[in-house]
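# A structural walkthrough
One-letter residues, chain by chain:
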Amino acid sequence: MSDGRLVLAVALNVLLTVAQIIGGILSGSLALIADALHNFSDAASLGLALFARRIGRRPADKLMTFGYARAEVVAALINLTTLLIIGFYLLVEAINRFADPQPVEGWTVIWVAGIALVIDVVTAVMVYASSKNSLNMKAAFLHNVSDALASVGVIVAGVLILRYELYIADLIITVVIAAYVIWQGVTLLPRTVRLLMGAVPDESEFDRIVSDLRDTEGVADVHHVHVWSISEHYRALEAHIVPAESSLQAFEDVKARARGMLETQHAIAHATFEACLAADCDPDMIPDHQVEKNHHHDHDRDH
């Protein structure tokens, strides 16, 4: 997705927010104002996504030696946090309105929500392709999808108000919107925090990485393995390797094989290895067969 299309999406959502707020005030609809606030978060999330993308393209420098790609993850965290704040705010407002229901102008609600639905769908379609490979863009896309669903709910509330004067429908739709927004934020937030903390995706994958390194030709053992995420799609690894042969050329060959395996099987593009000869390692880190081999070697030398 081009930056120009993102700018257009931001502009559309800002205009829509203004229209929804005016419509919500004129009609007395809390659901419409809720949709407007959520839509404003859409505009902010798209703007933040655009800003983060531009920062993320900056090359590495002395200050950020791994580059700025993690800026997009930071943007995703901010977007998801605002989703949660907005969701809880709408929930509190809806509960307060239940105690003191207000009349709502149904036709205004339907027309404004209908326009909002069209713009939300157009924006979501524009962002969808980029959301497949970016947590940052996925957070922005989810903002738009949830707002489109909210607009549908507001239209339903408007129809119920017109036909049955069921003003409480406005509040029920507001609660549904709030619950959905909160669910979205809670679902994606843990993954975003893990990425920022440099966590490995899961424990089983870490075990496979260590196992595959140990199975690499020329590797006697591996320890002090550290895997972390530099950005959403760029991982790094460092490890101590006990080479089967004690020569520099053999270790260079081992490193080449290990790096190739990590990149093809585990999408780890940056790997740093340190050689650790069995005799210099912590005995607890050396495999039993290697300890036994060293023991026999020392015993023969004593004789």
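Computed from a prediction, not measured in an experiment: that's the story for all the values here.

## A few points about the overall build of the protein
Each helix and strand counted, the protein has 9 helices and 3 strands in total. Reading the protein from its N terminus to its C terminus gives the helix and strand order α-α-α-α-α-α-α-β-β-α-β-α. Taken across its 303 residues, the protein has 44% of its residues classed as buried. A separation of at least 24 residues holds for 73% of the contacts in the protein among residues at least 6 apart in sequence. Looking at the protein as shown, the accessible area adds up to about 15,800 Å², and 63% of this sits on carbon and sulfur atoms.

## A few points about helix H8 (residues 248-266)
Here H8 spans 26 Å end to end across 19 residues, near enough to the 27 Å set by a 1.5 Å rise per residue. Of all the residues in H8, the buried ones are Ala 250, Phe 251, Val 254, Lys 255, Ala 258, Met 261, Leu 262 and His 266. Mapping the buried residues of H8 onto a view down its axis gives an arc of 135 degrees, with all of them on the same face. Seen from the open side of H8, the exposed residues pointing more than 90 degrees away from its buried face are Gln 249, Ala 256 and Thr 264. Positioned one or two residues after H8, Ala 267 has a phi angle of 55 degrees, which is positive.

## Considering the confidence of the model for the protein
For the protein, mean pLDDT is 77; residues scoring 70 or higher make up 86% of the total. The model gives residues 285-303 a pLDDT under 50, and that stretch makes 14 contacts with residues more than four places away or in other chains.

## Considerations on the packing of aromatic side chains
For the structure on display, the rule yields 0 aromatic pairs. Against the face of Tyr 68 rests Arg 58, its NZ or CZ located 4.4 Å from the ring centre.

## Topic: the pattern of salt bridges
One pass over the structure, following the stated rule, counts 3 salt bridges. For Arg 235, the salt bridge is made with Glu 205, and the minimal N-O distance between the two is 2.5 Å. Of this pair, Arg 235 sits in strand S2 (residues 234-243) while Glu 205 sits in helix H7 (residues 203-214); the two residues are 30 residues apart in sequence, bridging distant segments of the chain. Here Arg 235 matches Glu 205 in class, with each residue buried. A salt bridge links Lys 255 to Glu 252; its shortest N-O distance comes to 3.2 Å.

## Quick notes on the sheet that holds S2
Taken in spatial order, the 3 strands line up as S1-S2-S3 in an open sheet, and their pairing is mixed. Both edges of this open sheet fall to strand S1 (219-231) and strand S3 (268-275), since each of them pairs with a single strand only. Neighbour-to-neighbour, the strand axes of this sheet turn through a mean angle of 20 degrees, independent of strand direction. Packed onto the sheet, H8 meets S1, S2 and S3 and runs at close to 150 degrees relative to S3.

## Observations regarding the environment of Asp 215
As for its position among the elements, Asp 215 is in the loop between H7 and S1. Along the backbone, Asp 215 and Ala 258 are 43 residues apart, and their C-alpha atoms lie at a distance of 9.5 Å.

## Let's talk about the nonpolar core
Leu 32, Leu 80, Leu 90, Val 154, Ile 173 and Ile 177 are the most contacted members of the largest nonpolar core, which has 22 residues in total. If you tally residues by element for this core, the top one is helix H6 (residues 168-196), at 6 residues. Discounting chain neighbours no more than four positions away, the residues touching Val 154 are Ala 31, Leu 32, Asp 35, Val 109, Ala 113, Ile 173 and Ile 177. Grouped together as the second largest cluster of nonpolar side chains are 19 residues, Leu 213, Val 219, Ile 268 and Ala 271 included.

## Let's talk about helix H3 (residues 71-99)
A rise of 1.5 Å per residue sets the reference length of H3, with its 29 residues, at 42 Å; its end C-alpha atoms lie 43 Å apart and thus fit the reference within 8%. All of the buried residues in H3 are Val 73, Ala 75, Ala 76, Asn 79, Leu 80, Leu 83, Leu 84, Ile 86, Gly 87, Leu 90 and Ala 94.

## Comments concerning the environment of Asp 147
As for its position among the elements, Asp 147 is in helix H5 (residues 135-164). A C-alpha to C-alpha distance of 9.9 Å links Asp 147 and Tyr 180, two positions 33 residues apart in sequence.

Cut-off values and rules
Residues numbered from 1 in each chain as written. Predicted model: local features only at pLDDT ≥ 70, side-chain atom pairs only at ≥ 80, totals over all residues. Heavy atoms only, no water. Helix = DSSP H or I, 4+ residues; strand = E, 2+ residues; numbered from the N terminus. Buried < 20%, exposed > 50% of the residue type's maximum accessible area, 1.4 Å probe, protein only. Contact = heavy atoms within 4.5 Å. Areas by Shrake-Rupley, 256 points an atom, 1.4 Å probe, with all protein chains shown as cover. Expected span 1.5 Å × (residues − 1). Arc of directions from axis to C-beta. pLDDT = per-residue confidence, 0-100. Phe/Tyr/Trp six-rings, centres within 6.5 Å; stacked < 30°, edge-to-face > 60°. Lys NZ or Arg CZ within 6 Å of the ring centre and 35° of its normal. Salt bridge = Lys/Arg side-chain N within 4 Å of Asp/Glu carboxyl O. Pairing = 2+ DSSP bridges. Axes fitted to C-alpha atoms, helices over the stretch in contact; angles between N-to-C directions. Core = buried A, V, L, I, M, F, W, Y, C linked by side-chain atoms within 4.5 Å.

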